[in-house]
Amino acid sequence: MRAYLEKKGVSLSPKIYFIDSLSYMALGLFSSLIIGLIIQTVGERLPLAFLSTHLIEMGDLLMNVLIWGGAIGVAVAYGLNAPPLVMFAALFSGALGAEAGGPAASFTAALISTELGKLISKETSLDIILTPLVTIVTGYTAGSLIGIPISAFLEGFGNIINWATVQEPVLMGILVSVLMGVALTAPISSLAISLMLSLEGVAAGAAAAGCAAQMISFAVLSYKDNKTGGIIAQAIGTSMLQIGNVIKKPVTMIPPVIAGAAVGPLATVVFTLENNAAGAGMGTSGFVGQIMTVETMGWSREVGIAILVTHFSVPIIVTIILGIWFRRKGWIKPGDLAIETS
């Protein structure tokens, strides 16, 4: 059996499944949902009606759950070195999983269906029928089954966020900021959580600050490994690109979490920042969190300063200090935060 698995490229390696594959999942999400969000945001604010309409339509298409779910499916299959028929069928596995339970279910459905598809690939004379059939049916089944507990987990996680929003402002700011920031980097959807809870007001402001802190912190912390391209990809794309590295070395998550804890009370108590459900879970992705802050509160010099301080300045300062300390201690080493962007 071991020889057969090796022959089919099925390694059963935790590293490949929970580090490498998750990194490819993040690339799939980045090349669809995140880019779509950026395109849509630009389109909504362009004064040129003709161009604006097309950009909004393009963004809406890329943000469709079946589109970004399919992108995750193909990305995971590519990361697992799947043969062509398996890779193409994994598009549907990822899409069906995403519809059932979001990014995590999409990833799980793509992973399971790809590995089973690889086992049957080129083993029969009916390969062109059986390989995609097995891959798609397995993906649909896995996505449907895993979607139920994932949905329950998201609801439970959302209840924690909801509880945190009714606590006293300082504690609430810390909890909401940290929890939503972690959700943004993890393979679950911080946007789905914020929309599900209909976050608004100061709670949404703390969530947006925490998500922004997570993204900016990872971008700054990983600069030595990823340079300017990595900063752009994480700071206005998604910190989920780091999920593989976080699983491999959880200590890398500490500076972004501390940065989130630092900005939460600033957002709720010092600046009383407000936001809406759409901006609460997006951080600096496409600058949606900042745009929605302005739309919610209106533009003023005070609002601009508050955004600059909580979403950018404090996370940068905290991360630089912690980054120097963690590297001197040897807790973070060269290459620990390297991401693949192509």
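Residues numbered from 1 in each chain as written. Predicted model: local features only at pLDDT ≥ 70, side-chain atom pairs only at ≥ 80, totals over all residues. Heavy atoms only, no water.

### Notes on the pattern of salt bridges
Piece 1. Tallied over the entire structure, the rule returns four salt bridges.
Piece 2. Lysine 118 is the partner of glutamate 115 in a salt bridge, and the nearest nitrogen-oxygen pair spans 2.9 Å. Taken together, the positions of glutamate 115 and lysine 118, both in helix H5 (residues 84-120) and three residues apart, correspond to about one turn of that helix. The pair glutamate 115 / lysine 118 is uniform in exposure class, with both members buried.
Piece 3. Where salt bridges share partners, they join Glu44, Arg45 and Glu295 into one cluster. (Salt bridge = Lys/Arg side-chain N within 4 Å of Asp/Glu carboxyl O. Helix = DSSP H or I, 4+ residues; strand = E, 2+ residues; numbered from the N terminus. Buried < 20%, exposed > 50% of the residue type's maximum accessible area, 1.4 Å probe, protein only.)

### As for the packing of aromatic side chains
Piece 1. If you walk through the whole model with that rule in mind, you get four aromatic pairs.
Piece 2. Judged by centre distance (5.8 Å) and plane angle (65 degrees), the ring pair of tyrosine 24 and tyrosine 78 falls under edge-to-face. You can see tyrosine 24 sitting in helix H2 (residues 14-45) and its partner tyrosine 78 sitting in helix H4 (residues 65-79), a full 54 residues away along the chain.
Piece 3. In textbook terms, an aromatic cluster arises when at least three aromatic residues are bridged by ring pairs, as seen for Trp325, Phe326 and Trp331.
Piece 4. Taking the ring centre of tyrosine 223 as reference, the NZ or CZ of lysine 227 above it sits at 5.5 Å. (Phe/Tyr/Trp six-rings, centres within 6.5 Å; stacked < 30°, edge-to-face > 60°. Lys NZ or Arg CZ within 6 Å of the ring centre and 35° of its normal.)

### Remarks on the packing of helix H7 (residues 169-185) against helix H12 (residues 254-270)
Piece 1. Where H7 meets H12, the closest approach of the two axes is 7 Å, and the angle between their N-to-C directions is 135 degrees. Put simply, H7 runs oblique to H12. Seen along the crossing, H7 lies across H12 with a hand that is right-handed. On H12, the residues that touch Pro169, Val170, Met172, Gly173, Ile174, Ser177, Val178 and Val182 of H7 are Val257, Gly260, Ala261, Val263, Gly264, Pro265, Thr268 and Val269.
Piece 2. Residues that form the contact of H7 with H12 fall into these classes: 11 nonpolar, five polar and no charged. (Axes fitted to C-alpha atoms, helices over the stretch in contact; angles between N-to-C directions. Parallel < 35°, antiparallel > 145°, perpendicular 65-115°, else oblique. Left-handed = near helix turned anticlockwise from the far one by under 90°. Contact = heavy atoms within 4.5 Å. Nonpolar A, V, L, I, M, F, W, Y, C, P; charged D, E, K, R; others polar.)

### Things to note about helix H15 (residues 301-329)
Given 3.6 residues per helical turn, the α-helix brings residues three or four places apart onto the same face.
Piece 1. Between its terminal C-alpha atoms H15 stretches 40 Å, which fits the 42 Å expected from 29 residues at 1.5 Å a residue.
Piece 2. Glycine 330, located one to two residues past H15, shows a positive phi value of around 80 degrees. (Expected span 1.5 Å × (residues − 1).)

### A look at the side chain of serine 106
Piece 1. With respect to the secondary-structure elements, serine 106 resides in helix H5.
Piece 2. Note on serine 106: relative accessible area 0%, which makes it buried.
Piece 3. Each residue touching serine 106, except ones within four places of it in the same chain, is listed here: Gly69, Ile72, Gly94, Gly97 and Ala98.

### A short note on the nonpolar core
Piece 1. Counting residues in each nonpolar core, the largest one holds 23 residues, and the members touching the most others are Met25 and Val76.
Piece 2. Counting only elements with at least two residues in this core, the list comes to H2, H4 and H5.
Piece 3. Per-element tally for this core: the top contributor is H2, with eight residues.
Piece 4. Excluding its chain neighbours within four sequence positions, the residues that come into contact with valine 76 are Ser21, Met25, Phe107, Ala110 and Leu111. (Core = buried A, V, L, I, M, F, W, Y, C linked by side-chain atoms within 4.5 Å.)

### Things to note about the environment of cysteine 211
Piece 1. Along the chain, cysteine 211 turns up in helix H9 (residues 201-221).
Piece 2. Sequence separation of cysteine 211 and isoleucine 321 is 110 residues, and the distance between their C-alpha atoms is 20 Å.
Piece 3. Apart from residues lying up to four places away in sequence, cysteine 211 is in contact with Met180, Gly181, Leu184, Ser190, Ala280, Gly281, Met282 and Gly283.

### Considerations on the layout of surface pockets
Piece 1. Counted as a void, the second largest pocket has a volume near 220 Å³.
Piece 2. What lines the second largest pocket is simply Ile19, Asp20, Ser23, Tyr24, Leu27, Leu241, Asn245, Lys248, Gly335, Ala338, Ile339 and Glu340.
Piece 3. The biggest single contributor to the lining of the second largest pocket is H2, with five residues.
Piece 4. For the lining of the second largest pocket, a count of residues per class yields six nonpolar, three polar and three charged. (1 Å grid on protein atoms, 1.4 Å probe; cavity = no way out; pocket = protein on both sides within 12 Å on 5 of 7 lines; lining within 4 Å. Points joined across faces, edges and corners; volume = space filled by probe spheres on them.)

### A word on the side chain of threonine 135
Piece 1. Along the polypeptide, threonine 135 turns up in helix H6 (residues 127-165).
Piece 2. Apart from residues no more than four positions distant in its own chain, threonine 135 is found in contact with Val86, Ala89, Ala90, Ser93, Ser113 and Gly117.

Take it as geometry only, folks, not as evidence of what the structure does.
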